[in-house]
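Tertiary structure, described
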Amino acid sequence: MSLEQQLIERLQTLSPTHLEVVNESSSHGGYFPGKETHFKVIIVSESFIGLRLVQRHQKIYALTADLMSPGNIHALAIHAYLPTEWPGIAPASPECAHAPKV
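Here is a short report on the structure shown in this document. (Residues numbered from 1 in each chain as written. Predicted model: local features only at pLDDT ≥ 70, side-chain atom pairs only at ≥ 80, totals over all residues. Heavy atoms only, no water.)

Quick look at the overall build of the protein now. Assigned secondary structure in the protein consists of two helices and three strands. The linear arrangement of helices and strands in the protein, starting from the amino end, is α-β-β-α-β. When burial is assessed residue by residue, the protein has 33% of its 102 residues classed as buried. Here the analysis covers contacts within the protein between residues at least 6 apart in sequence; of these, 65% occur between residues at least 24 apart. (Helix = DSSP H or I, 4+ residues; strand = E, 2+ residues; numbered from the N terminus. Buried < 20%, exposed > 50% of the residue type's maximum accessible area, 1.4 Å probe, protein only. Contact = heavy atoms within 4.5 Å.)

Given below as structure tokens:
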């Protein structure tokens, strides 16, 4: 199973009302087709009620810790919202200094 699919399955345990997992690996150096190293997660869930932003991130990292091991996911950008906070669109990711030049 792909890392992307594993991320989705684990994050589904938070009962999100909105979930996007974006593989951004192609925007980073050393990319080759099929590489899965850089992801962006946009998740909206009531399971974040009462949690500060850092606690939301910790909750996600606890679910994905083994996927963050060497040779797997190198970077995980997390945008975690309560339903009342969700602006409807996630912030754009910054460009990587080592991105492949097209």
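Text resumes after the structure shown.
Let us look at unusual backbone geometry. Backbone geometry at Ser-15 places phi at a positive 50°, although glycine is not the residue there. Positionally, Ser-15 belongs in the loop between helix H1 (3-12) and strand E1 (18-23).

So, on to the nonpolar core. Among the nonpolar cores identified, the biggest contains 16 residues, and Ile-43, Ile-60 and Leu-76 are the most heavily contacted of them. Going through the elements one at a time, H1, strand E2 (38-44) and strand E3 (75-81) are the ones with two or more residues in this core. Beyond its immediate sequence surroundings of up to four residues, Ile-43 is in contact with Leu-11, Leu-14, Pro-16, His-18, Leu-19, Phe-48, Ile-60, His-79, Ala-80 and Tyr-81. (Core = buried A, V, L, I, M, F, W, Y, C linked by side-chain atoms within 4.5 Å.)

If you walk through the whole model with that rule in mind, you get one aromatic pair. Between Tyr-81 and Trp-86 the ring centres are 5.2 Å apart and the planes differ by 55°, which places this aromatic pair in the tilted class. Relative accessible area serves as the criterion here: at 14%, Tyr-81 is assigned to the buried category. Relative accessible area serves as the criterion here: at 21%, Trp-86 is assigned to the partly exposed category. (Phe/Tyr/Trp six-rings, centres within 6.5 Å; stacked < 30°, edge-to-face > 60°.)

Taken across its seven residues, E2 has seven buried, putting it largely inside the fold. Alternating positions in E2 separate into two faces, His-38, Lys-40, Ile-42 and Val-44 on one and Phe-39, Val-41 and Ile-43 on the other, with burial throughout. Relative to E2, E1 runs antiparallel, the two sharing six bridges. Among the inter-strand pairings, Leu-19 is bridged to a residue of E2, identified as Ile-43. (Pairing = 2+ DSSP bridges.)

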